[in-house]
Amino acid sequence: MISIQNISKQFKGVSVLKNVTLEIKKGEVVGLIGPSGAGKSTLLRCIVNLEPIDEGCICIDKKKISNKGIQTKTGIVFQNFNLFPQINVLENITLAPRIVRGVSKKNADQQARRLLLKVGLFDKATQFPSELSGGQIQRVAIARALAMNPEVLLFDEPTSALDPELTNEVLSVIKELAKENMTIVIASHEMNFIKQIADKVIFMEQGKIVTSGTPKDIFDGQTNTRIKKFIQLFN
Amino acid sequence: MNTLGSTIAYLLQGGLVTFSVWIVTIVCSLPLAALVAYVRKMNNRAVNTILGIYTTVIRGTPLLFQLIFVYFGLPIILKVQISPFVAASIAFVNSWTIYMSEIIRGSIDGIDKGQYEAGRVLGMNYSQIMLNIVFPQALVTAIPSLCNQAIEAIWGTSLLSTIGMDDVLKSARVILMRDFSVQPFIIAGGIYLLFNGAVVLLFKKIEERTSRFKVQYAK
């Protein structure tokens, strides 16, 4: 479904992605792990076209994504949420469907309420982001991304900015989506969670994919001492 | 004999002149300023250079200079007669558009990059992002500074007499000259203060109404 071929990306002469090749199948859950600065976020940002790539190509459904075009087949949930603070929860979710897709207010509201129910925040529709907890904010952000009916949902360290107590409510929503066969790529330091939900785990370091495999391969049968050490840090 | 009542009535007439120039200034400048800020954010080099120079000229010359230039100079250049009220409106709206556009531009710069990115990944184009996400937030952050500008616009109206308009201050001076009493000045001062107070109150109310989304992720 997403085919990433030999992509490279530099920021002011510093290589952050080096020749990365990756295939993501429909319905697959891909976990991206690796130390900070490995290029996980950059890879995700390239897939949603927030960053232009320098070399290689990214195809979604066999269609090459251009550097200018807007990508709505992919949705992304950010580490620091980025909800719109000036409008309430419901409006946060309906804004894009209404102004980008021209969905009527009634239909957009209906869909938004369905999504809020899904993320367990049905009663928060008229609250403002400033009135919610971090975990609730992130769940609204997930609902907002889903409102555009993306075929792939990317998560860029969705729980890194949250208290440990609030992490679970976000992870359980992601787990629910994975169960529904949503195609997901998630960069995270929550190793246990990745181990549970991922079909494929990718370990990145210094802009390269070092290894990839099933969670079992990566977490249990690991022979590479560097990766072993890294995983142990989180257990 | 002049009673206190007729003095007040006369000064309030002046107050109406002051108020009408002020309201025209605020009502016209605010949307124009937003427009100028928007255009400058499009980063067209030629347009920005021209607007940059124009901003320097407007901010770098006194309001009195501009007022006199518009009233006495513009008719010579354009070969048309303009009334003092029109001249004052042009000069004030022009200046306040520039002042306020700089404030709004500053607040736009203060909006987190993540807000633009969130809009982009949801498929919005640049103008949709600006209109629906960035501007509403920038205007709210700008409220206190815009309030200051609105107050300075009141002070600015005290220059209106130089182009022959009878504003509050001029009216007070007329009565002072005639009656040789400071009473009209005290009343004029009271009118200014009330006017100011109303403006501050108005902006406070607007600020309160937006307080629910002003604090970003405070928890």
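Data block above holds the structure.
Residues numbered from 1 in each chain as written. Chains lettered and ligands numbered in written order. Predicted model: local features only at pLDDT ≥ 70, side-chain atom pairs only at ≥ 80, totals over all residues. Heavy atoms only, no water.

(A) Structural detail: the overall build of chain A. The number of helices and strands found in chain A is eight helices and ten strands. Computed over the C-alpha atoms, the radius of gyration of chain A is 18 Å, within 12% of the 18 Å expected from 2.2 N^0.38 for a compact globule of 235 residues. The principal-axis extents of the C-alpha atoms in chain A amount to approximately 55 × 40 × 35 Å. The 235 residues of chain A split such that 57% are buried. Contacts spanning at least 24 positions in sequence make up 66% of the contacts within chain A whose residues lie at least 6 apart. For chain A, the accessible surface area stands at approximately 10,500 Å², while carbon and sulfur atoms represent 47% of it. If the 31 positive side-chain charges of chain A are averaged to one point and the 23 negative ones to another, these points end up 4 Å apart. (Helix = DSSP H or I, 4+ residues; strand = E, 2+ residues; numbered from the N terminus. Rg over C-alpha atoms; globule rule 2.2 N^0.38 Å. Buried < 20%, exposed > 50% of the residue type's maximum accessible area, 1.4 Å probe, protein only. Contact = heavy atoms within 4.5 Å. Areas by Shrake-Rupley, 256 points an atom, 1.4 Å probe, with all protein chains shown as cover. Lys, Arg positive; Asp, Glu negative; His and termini not counted. Charge placed at Lys NZ, Arg CZ, Asp CG, Glu CD.)

(B) Representation of the interface of chain B and chain A within the structure. On the chain A side, the residues contacting the 23 residues of chain B number 30 residues. The closest approach of N and O atoms between Glu117(B) and Arg45(A), which form a salt bridge, is 2.6 Å. Taken together, the links from chain B to chain A amount to seven residue pairs in polar contact (both at pLDDT 80 or more). Elements with a contribution of two residues or more to the side of chain B that touches chain A: helix H5 (113-121), helix H6 (126-156) and helix H9 (211-214) of chain B. Among the elements that line the side of chain B that touches chain A, the one with the most residues is H5(B), at seven residues. Tallied by class, the residues present in the side of chain B that touches chain A amount to nine nonpolar, nine polar and five charged. (Salt bridge = Lys/Arg side-chain N within 4 Å of Asp/Glu carboxyl O. Polar contact = N/O pair within 3.5 Å; in protein donor to acceptor, adjacent residues only side chain to side chain. Nonpolar A, V, L, I, M, F, W, Y, C, P; charged D, E, K, R; others polar.)

(C) Summary view of the sheet that holds strand E9 (residues 200-205) of chain A. Residue and element names in this part refer to chain A. Here six strands make up an open sheet; going across it, the order is E6-E7-E8-E3-E9-E10 and the pairing mixed. Single-partner strands in this sheet number two, and they are strand E6 (74-77) and strand E10 (208-213). For this sheet the average axis-to-axis angle between neighbouring strands, irrespective of direction, equals 20 degrees. Where strand E3 (residues 29-33) lies against strand E8 (residues 183-187), four bridges are found, and the strand directions are parallel. Residue valine 29 lies in a different strand from E8, and its bridge partner there is isoleucine 184. Helix H5 (residues 164-179) rests against E3, strand E7 (152-156) and E8 of the sheet, and its axis sits at about 145 degrees to E8. Against the sheet, helix H8 (residues 225-233) makes contact with E3, E9 and E10, and its axis sits at roughly 105 degrees relative to E9, the strand it touches most. (Pairing = 2+ DSSP bridges. Axes fitted to C-alpha atoms, helices over the stretch in contact; angles between N-to-C directions.)

(D) Focus on the nonpolar core. Among the nonpolar cores identified, the biggest contains 89 residues, and Ile2(A), Ile4(A), Ile7(A) and Leu43(A) are the most heavily contacted of them. When residues in this core are grouped by element, the largest group, 14 residues, is from H6(B). Residues Leu116(A), Val119(A), Ala145(A) and Met191(A) belong to the second largest nonpolar core, which totals 47 residues. (Core = buried A, V, L, I, M, F, W, Y, C linked by side-chain atoms within 4.5 Å.)

(E) Focus on helix H3 (residues 105-118) of chain A. Residue and element names in this part refer to chain A. Counted at 1.5 Å a residue, the expected span for H3 with its 14 residues is 20 Å, and the 20 Å between its end C-alpha atoms agrees. Three or more residues of H3 are buried, namely Ala108, Asp109, Gln111, Ala112, Leu115 and Leu116. Across the axial projection of H3, the buried residues extend over an arc of 165 degrees, all falling on one side. Set apart from the buried face of H3 by more than 90 degrees, the exposed residues are Lys106, Arg114 and Leu117. (Expected span 1.5 Å × (residues − 1). Arc of directions from axis to C-beta.)

(F) Structural detail: the side chain of Arg144(A). You can see Arg144(A) is positioned in helix H4 (residues 134-146). Although Arg144(A) is buried, it forms no salt bridge, and the closest oppositely charged side chain is Glu117(B) at an N-O distance of 9.7 Å. Excluding residues within four positions of it along the chain, Arg144(A) makes contact with Phe81(A), Asn82(A), Leu83(A), Phe84(A), Asn92(A), Ile93(A), Ala118(B) and Leu122(B).

(G) Region of the structure containing the packing of aromatic side chains. Tallying each qualifying case throughout the model produces ten aromatic pairs over all chains. Here the aromatic rings of Phe65(B) and Phe69(B) are separated by 6.4 Å at their centres, their planes lie at 20 degrees, and the arrangement is stacked. Taken together, the positions of Phe65(B) and Phe69(B), both in helix H3 (residues 63-78) and four residues apart, correspond to about one turn of that helix. Look at Phe65(B) and you get partly exposed, because its relative accessible area is 48%. According to the relative accessible area criterion, Phe69(B) is partly exposed, its value standing at 42%. Measuring from centroid to centroid gives 4.8 Å for Tyr71(B) and Phe72(B), while their planes differ by 75 degrees, and the two rings are edge-to-face. Taken together through their ring pairs, the aromatic side chains of Phe19(B), Trp22(B) and Phe195(B) make up a single cluster. In this structure, Arg144(A) packs its charged tip against the face of Phe84(A), placed 4.5 Å from the ring centre. (Phe/Tyr/Trp six-rings, centres within 6.5 Å; stacked < 30°, edge-to-face > 60°. Lys NZ or Arg CZ within 6 Å of the ring centre and 35° of its normal.)

(H) A look at the sheet that holds strand E4 (residues 55-60) of chain A. All names here are of chain A. Taken together, four strands build an open sheet; the order of strands is E2-E1-E4-E5 and the sheet is antiparallel. Strands with a single pairing partner mark the edges of an open sheet, and in this sheet they are strand E2 (14-24) and strand E5 (63-64). Across five bridges, strand E1 (residues 2-11) lies against E4 in antiparallel orientation. Across the sheet, the residue bridging to serine 3 is cysteine 59, located in E4. Here helix H1 (residues 40-47) sits on the sheet in contact with E1, E2 and E4, set at roughly 120 degrees to E1.

(I) Structural context of the packing of helix H1 (residues 4-41) of chain B against helix H4 (residues 84-109) of chain B. Residues and elements named next belong to chain B. Contact geometry for H1 and H4: axes closest at 6 Å, N-to-C directions at 45 degrees. When the axis of H1 is compared with that of H4, the two are oblique. Judged by the twist between their axes, the crossing of H1 over H4 is right-handed. Grouping the amino acids of the contact of H1 with H4 by side-chain chemistry returns 18 nonpolar, six polar and five charged. (Parallel < 35°, antiparallel > 145°, perpendicular 65-115°, else oblique. Left-handed = near helix turned anticlockwise from the far one by under 90°.)

(J) Structural detail: the pairing of E1(A). Residues and elements named next belong to chain A. Examined bridge by bridge, E1 and E2 share seven bridges and lie antiparallel to one another. Directly across from isoleucine 2, in E2, lies its bridge partner isoleucine 24. Between E1 and E2, which pair antiparallel in sequence order, lie two residues; one of them, lysine 12, sits at a positive phi of approximately 50 degrees.

(K) Representation of the state of the cysteines in the model. All names here are of chain B. Across all of its chains, the model carries zero disulfides over all chains by this definition. Here cysteine 28 is not cross-linked by a disulfide; its sulfur's nearest cysteine counterpart is in cysteine 147, at 19 Å. For cysteine 28, a relative accessible area of 33% translates into the label partly exposed. (Disulfide = S-S within 2.5 Å.)

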